[in-house]
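Spelled out from the first residue to the last, the chains are:
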Amino acid sequence: MKKLFYILTAIMLVGAVSCNNANTEKDKVESKKIEIKYLEDFMQFDNHEQIVDCFGEENVKKTTRFEGEGTIEYNVTIVNPENINSVIVYWGEDKDWEDVEFVKNIYSNYTYNGKDAKDGGEVYPTRVGVELGMSLPELQKINGSVFTFFGLAWDYEGFVTDLDDKFNDYRLFVGYPNPDLITNCPDEYYNIQGDSEFLSENEDALKLGLELVSISYMEK
């Protein structure tokens, strides 16, 4: 299952993407070179146009997205919007696709507009050592101790808590990366649902094979 998360597209070269973004005011302004190796590197972008220059218009989508239980609407830029692995750049509130507020690398079987996602997209490592597709034991090892997560099948499903201080700038979510929950939902899935907290060593969660499905980064 984990191998599914490591299907990388051709825009990655030796673990990094180099972007030459030109602010061509009468062709006199030098290009701004942005190298994307880690998820945190997306904070370097100043606006949507720079991301288009970096990844290509065919791989980028400008849209809006609700967060905070649907209470906050953000302007966002999505990289690889049609793939199961995508990156969402959230621009500052009331900003016209400028000034990055935070960035998120997610795994989802569905696209931003509810269609079935295609294999592929990008999995970016983070500077704290976590990335999409990691299992609960792998995350626990990096954390250095047992952690907890909220139950599945509600607004805050899989939100990870009780992490080491090095994760203060991150929001992690674990989930069950199986596209066929409706027709093939194991009993273990029902056992870890709802507004409750579960340990990373929970037997049902381990049998189910929960993995990191969302990583957000925000500089504080």
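Structure shown above.
These numbers were taken from a predicted model, which means no experiment stands behind them.

Reading the values: rules and limits
Residues numbered from 1 in each chain as written. Predicted model: local features only at pLDDT ≥ 70, side-chain atom pairs only at ≥ 80, totals over all residues. Heavy atoms only, no water. Phe/Tyr/Trp six-rings, centres within 6.5 Å; stacked < 30°, edge-to-face > 60°. Helix = DSSP H or I, 4+ residues; strand = E, 2+ residues; numbered from the N terminus. Buried < 20%, exposed > 50% of the residue type's maximum accessible area, 1.4 Å probe, protein only. Lys NZ or Arg CZ within 6 Å of the ring centre and 35° of its normal. Core = buried A, V, L, I, M, F, W, Y, C linked by side-chain atoms within 4.5 Å. Contact = heavy atoms within 4.5 Å. Lys, Arg positive; Asp, Glu negative; His and termini not counted. Salt bridge = Lys/Arg side-chain N within 4 Å of Asp/Glu carboxyl O. Polar contact = N/O pair within 3.5 Å; in protein donor to acceptor, adjacent residues only side chain to side chain. Disulfide = S-S within 2.5 Å. Pairing = 2+ DSSP bridges.

Chemist: How would you summarise the packing of aromatic side chains if you had to cite specific residues and measurements?
Modeler: Throughout the structure, instances matching the rule amount to 16 aromatic pairs. Look at Tyr74 and Tyr90: their rings are 5.4 Å apart centre to centre, the planes differ by 90°, and that puts the pair in the edge-to-face class. Residue Tyr74 is found in strand β4 (residues 72–79), and its partner Tyr90 is found in strand β5 (residues 83–91); the two are separated by 16 residues along the sequence. Tyr90 carries the same exposure label as Tyr74, and that label is buried. Linked through ring pairs, Phe150, Trp154, Tyr156, Phe159 and Phe173 together constitute an aromatic cluster. Between Lys62 and the ring centre of Trp97, over which it is positioned, the NZ or CZ distance is 4.8 Å.

Chemist: Before we move on, could you go through the nonpolar core and cite the residues and values that matter?
Modeler: One finds Ile36, Phe42, Phe45, Phe55, Val130, Leu172 and Leu210 to be the most contacted residues of the largest nonpolar core, which totals 51 residues. Not counting chain neighbours up to four residues away, the residues in contact with Leu172 comprise Val130, Leu139, Gly158, Phe159, Val160, Leu163, Phe167, Leu212, Ser214 and Ile215.

Chemist: I'd like to hear about the side chain of Glu40, residue by residue, with values.
Modeler: As for its position among the elements, Glu40 is in the loop between β2 (32–36) and α1 (48–55). Buried and without a salt bridge, Glu40 has Arg127 as its closest oppositely charged side chain, separated by 4.0 Å. Polar side-chain contacts of Glu40 include one of 2.5 Å to the side chain of Tyr170. Setting aside chain neighbours within four positions, we find Glu40 in contact with Pro125, Thr126, Arg127, Val128, Tyr170 and Tyr217.

Chemist: Explain the state of the cysteines to me, using residue names and the numbers behind them.
Modeler: All told, the structure shown has 1 disulfide when counted by the stated rule. The disulfide partner of Cys19 is Cys54, and the gap between their sulfur atoms is 1.6 Å. Of this pair, Cys19 sits in strand β1 (residues 17–21) while Cys54 sits in helix α1, and the two are 35 residues apart along the sequence. For Cys19, a relative accessible area of 1% gives the class buried.

Chemist: Can you explain the sheet that holds strand β8 (residues 148–150)? Please cite residues and give values.
Modeler: Remark on secondary structure: sheet strands pair via backbone hydrogen bonds, oriented parallel or antiparallel. Reading across the sheet, the 3 strands line up as β9-β8-β11 and stay open at both edges, with antiparallel pairing between neighbours. Unpaired on one side and paired on the other, β9 (160–161) and β11 (197–199) mark the two borders of the sheet. One ladder, built from 2 bridges, connects β8 with β9; its direction is antiparallel. Directly across from Phe149, in β9, lies its bridge partner Val160.

Chemist: Give a description of unusual backbone geometry that names residues and reports values.
Modeler: Despite not being glycine, Asp99 shows a phi value in the positive range, around 65°. Along the chain, Asp99 turns up in the loop between β5 and β6 (100–107). With phi around 70°, Ala153 is a residue other than glycine that occupies positive phi space. With respect to the helices and strands, Ala153 occurs in the loop between β8 and β9.

Chemist: Run through α1, naming residues and quoting values.
Modeler: Most of α1 is tucked away, with 6 of its 8 residues classed as buried. For α1, the complete set of buried residues consists of His48, Gln50, Ile51, Val52, Cys54 and Phe55. The positive-phi residue at the C-terminal boundary of α1 is Gly56, with phi of around 95°.

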